[in-house]
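A look at the structure
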Amino acid sequence: MSDQDKFAVEVIYALPTQQKRISVMVSPGTSCIEAVKQSDICRFFPEIDLDKVKLGIFSRAVKHDEVLEPGQRVEIYRPLIADPKDVRRQRAEKAKSEGRANKTTGAKVS
């Protein structure tokens, strides 16, 4: 395979205080996880577990073996700190205990 067949994709990982964007030249048929490995982004962020990491392309979750197309951006997602359903449930319970919501229905108290 010649260098002319290769195309550029980006691998990106972001933390609350910093982000890293790495451009990688890949061959046709390269999977998302292969591009992440080629980018060597784990050198900057050793906490990334390549076996368990969640990936996406432009905010769409993808499997590790999805084949890349020219110009795509592979996003590495961090694990959630808290389950959004649990957080909402806790807010609702707090509103009920503070009298801002009906204790039976959960509706707003006027």
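Keep in mind that this is a model prediction, so the values were computed, not measured.

**Thoughts on the overall build of the protein chain**
- If you tally the helices and strands in the protein chain, you get two helices and five strands.
- Walking the protein chain from its N terminus toward its C terminus, one meets helices and strands in the order β-β-α-β-β-β-α.
- Considering only C-alpha atoms, the protein chain reaches an extent of 70 × 25 × 20 Å along its principal axes.
- The burial tally for the protein chain puts 28% of its 110 residues in the buried class.
- In the protein chain, 40% of the contacts between residues at least 6 apart in sequence involve partners at least 24 apart.
- With an accessible surface of roughly 8,000 Å², the protein chain has 50% of that area assigned to carbon and sulfur atoms.
- Positive and negative side-chain charges of the protein chain, numbering 20 and 16 respectively, have mean locations separated by a distance of 12 Å.

**Observations regarding the nonpolar core**
- Of all hydrophobic cores here, the largest spans 21 residues; its most connected members are Val11, Ile41, Leu55 and Ile76.
- Listing elements by their share of this core, those giving two or more residues are strand 1 (7–14), strand 2 (19–26), helix 1 (32–39), strand 3 (54–57) and strand 5 (73–77).
- Every residue in contact with Ile41, bar those within four places of it in the chain, is listed here: Val11, Ile12, Tyr13, Lys20, Ile22, Val36, Ile48 and Ile76.

**Side note on the pairing of strand 5**
- Bridging between strand 1 and strand 5 involves four bridges; their strand directions are parallel. Its bridge partner being in strand 5, Val11 is matched across the sheet by Val74.
- Judged from the four bridges that link them, strand 3 and strand 5 form a sheet pairing that is antiparallel. Its bridge partner lying in strand 5, Ile57 is registered against Val74.

**What about the pattern of salt bridges?**
- If you walk through the whole model with that rule in mind, you get five salt bridges.
- Close ionic contact of Arg21 with Glu10 constitutes a salt bridge, the shortest N to O distance being 3.5 Å. Note that Arg21 is positioned in strand 2 and Glu10 in strand 1, a separation of eleven residues in sequence.
- The exposure class assigned to Glu10 is partly exposed, which follows from its relative accessible area of 27%.

Parameters at a glance
- Residues numbered from 1 in each chain as written.
- Predicted model: local features only at pLDDT ≥ 70, side-chain atom pairs only at ≥ 80, totals over all residues.
- Heavy atoms only, no water.
- Helix = DSSP H or I, 4+ residues; strand = E, 2+ residues; numbered from the N terminus.
- Buried < 20%, exposed > 50% of the residue type's maximum accessible area, 1.4 Å probe, protein only.
- Contact = heavy atoms within 4.5 Å.
- Areas by Shrake-Rupley, 256 points an atom, 1.4 Å probe, with all protein chains shown as cover.
- Lys, Arg positive; Asp, Glu negative; His and termini not counted.
- Charge placed at Lys NZ, Arg CZ, Asp CG, Glu CD.
- Core = buried A, V, L, I, M, F, W, Y, C linked by side-chain atoms within 4.5 Å.
- Pairing = 2+ DSSP bridges.
- Salt bridge = Lys/Arg side-chain N within 4 Å of Asp/Glu carboxyl O.

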